[in-house]
Amino acid sequence: MKAMILAAGLGTRLAPFTNNHPKALAKVGDRTVMEWNIRYLQSFGIRDVIVNVHHFAEQIEKAIADASGWGSNVSISDERHVVLETGGGVLKAASFFENEKAFVVMNVDVLTNFNLTKMIEFHERNAPIVSLAVMHRTSSRYLLFNKENELVGWKNEKTGELKGSRGKAFAFSGIQILTQEFIHSIKREGKFSLIDAYLDAVFAKQKILGFDHTGDVFTDIGKPETLAAASSLFSS
């Protein structure tokens, strides 16, 4: 199985570090978050990885080259001219996965000890077009699921905006398994979010399932305070 790490974002919440560096190179302990996630994927046998780049792209490319991909085969999807958001970024890199029935996509700014093998087994057993890693935790935005753990909607807690239907609320962990069926069903072009593409699929009656990994260690290092806290949870 192959994977994509989404690393093209501006990382504005992590300023002032991201005023001069990409968030992918923020340090947790002695490692950058990029290295943590490359090694995380390796621990589940995934060594063919593509990384999209935009903000300080050359710094990410140099770090990967200097470390020889930390032992993985790391390709680059170049978004220097325009950042395409999560959905557009995956679509641009789709040819990397053309021989894969399914593949993993993860945000660069999440760290976790979650057992990805269990999610892959869940995905293969249930055969949705997408599987989403989710958990019970406080968030400003939630994915909503029915009793069968099928995605039915999305809600922004701060604004009250609701897309789709109401259901059980889970926070998204920024890790997902996508299929070629899902990629080929996408009608959007250019810049768009994966969440919007997921909701398009839901409205088209396609099955997207949530994989609950509540209880695992998880942190989003998107802000200075969470980056600092991550060092107490993860050490090299």
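In what follows, the structure referred to is the one given above.
The sections below set out a description of the structure shown in this document. (Residues numbered from 1 in each chain as written. Predicted model: local features only at pLDDT ≥ 70, side-chain atom pairs only at ≥ 80, totals over all residues. Heavy atoms only, no water.)

### Quick notes on the pattern of salt bridges
- Under the criterion given, the structure shown has 10 salt bridges.
- With its nearest N and O atoms 3.4 Å apart, the salt bridge here joins D220 to R13. Here R13 lies in the loop between β1 (3-6) and β2 (27-28) and D220 lies in strand β14 (residues 218-220), a separation of 207 residues in the sequence.
- On the basis of relative accessibility, which here comes to 45%, the residue R13 falls in the partly exposed class.
- One continuous salt-bridge network, built from bridges that share partners, spans R31, E35 and R39. (Salt bridge = Lys/Arg side-chain N within 4 Å of Asp/Glu carboxyl O. Helix = DSSP H or I, 4+ residues; strand = E, 2+ residues; numbered from the N terminus. Buried < 20%, exposed > 50% of the residue type's maximum accessible area, 1.4 Å probe, protein only.)

### Overview of the nonpolar core
- By size, the foremost hydrophobic cluster in this structure holds 46 residues, and its most contacted members are I5, V28, M34, L41, V51, L116 and I175.
- At six residues, the largest contribution of residues to this core is made by helix α1 (residues 33-42).
- Not counting residues up to four positions away in its chain, the partners in contact with V51 are I5, A7, M34, I60, I64, V74, S75, I76 and S77.
- Counting residues in each nonpolar core, the second largest holds 31 residues, with L132, L143, L194 and L199 among its members. (Core = buried A, V, L, I, M, F, W, Y, C linked by side-chain atoms within 4.5 Å. Contact = heavy atoms within 4.5 Å.)

### Things to note about the packing of aromatic side chains
- Per the stated rule, a full pass over the model turns up seven aromatic pairs.
- Here the aromatic rings of Y40 and F44 are separated by 5.1 Å at their centres, their planes lie at 70 degrees, and the arrangement is edge-to-face.
- A relative accessible area of 9% means that Y40 is categorised as buried.
- For F44, a relative accessible area of 23% puts it in the partly exposed group.
- Sitting over the face of the ring of W36, R31 holds its NZ or CZ atom 4.8 Å from the ring centroid. (Phe/Tyr/Trp six-rings, centres within 6.5 Å; stacked < 30°, edge-to-face > 60°. Lys NZ or Arg CZ within 6 Å of the ring centre and 35° of its normal.)

### Re helix α6 (residues 194-203)
- Considered for burial, the residues of α6 that qualify are L194, A197, Y198, L199, A201 and V202.
- Phi turns positive, to about 70 degrees, at K205, one or two residues after α6.

### As for helix α2 (residues 57-66)
- Every buried residue of α2 is listed here: A57, I60, A63 and I64. End-on, the buried residues of α2 take up no more than an arc of 130 degrees, which puts them together on one face. Set apart from the buried face of α2 by more than 90 degrees, the exposed residues are K62, A65 and D66.
- Trailing α2 by a residue or two, S68 shows a phi angle of about 50 degrees, which is positive. (Arc of directions from axis to C-beta.)

### A few points about the layout of surface pockets
- In this structure, the largest pocket encloses a volume near 1,500 Å³.
- Lining the largest pocket are 44 residues, with R13, N107, D109, R141 and D220 sitting closest to its centre.
- A per-element tally of the lining of the largest pocket places strand β12 (residues 168-179) first, with four residues.
- Residue composition of the lining of the largest pocket, by class: 15 nonpolar, 16 polar and 13 charged.
- Estimated volume of the second largest pocket: approximately 230 Å³.
- If you trace the second largest pocket, you find it lined by M1, K101, A102, H123, E124, A127, P128, I129, T179, Q180 and E181. (1 Å grid on protein atoms, 1.4 Å probe; cavity = no way out; pocket = protein on both sides within 12 Å on 5 of 7 lines; lining within 4 Å. Points joined across faces, edges and corners; volume = space filled by probe spheres on them. Nonpolar A, V, L, I, M, F, W, Y, C, P; charged D, E, K, R; others polar.)

### Examining the environment of I195
- Mapped onto the elements, I195 comes out in helix α6.
- Linking I195 and T86, residues 109 residues apart in sequence, is a C-alpha distance of 8.4 Å.
- When sequence neighbours within four positions are dropped, the list of residues in contact with I195 reads L143, W154 and F172.

### As for unusual backbone geometry
- The linkage connecting A15 with the following residue, P16, adopts the cis geometry, with an omega of 10 degrees.
- Here P16 lies in the loop between β1 and β2.
- Despite not being glycine, W70 shows a phi value in the positive range, around 55 degrees.
- Among the secondary structure elements, W70 is positioned in the loop between α2 and β5 (73-78).
- Residue class for W70 comes out buried when judged on its relative accessible area of 12%.
- The phi dihedral of E85 is positive, around 65 degrees, even though this residue is not glycine.

Read these as geometric descriptors, not functional statements.
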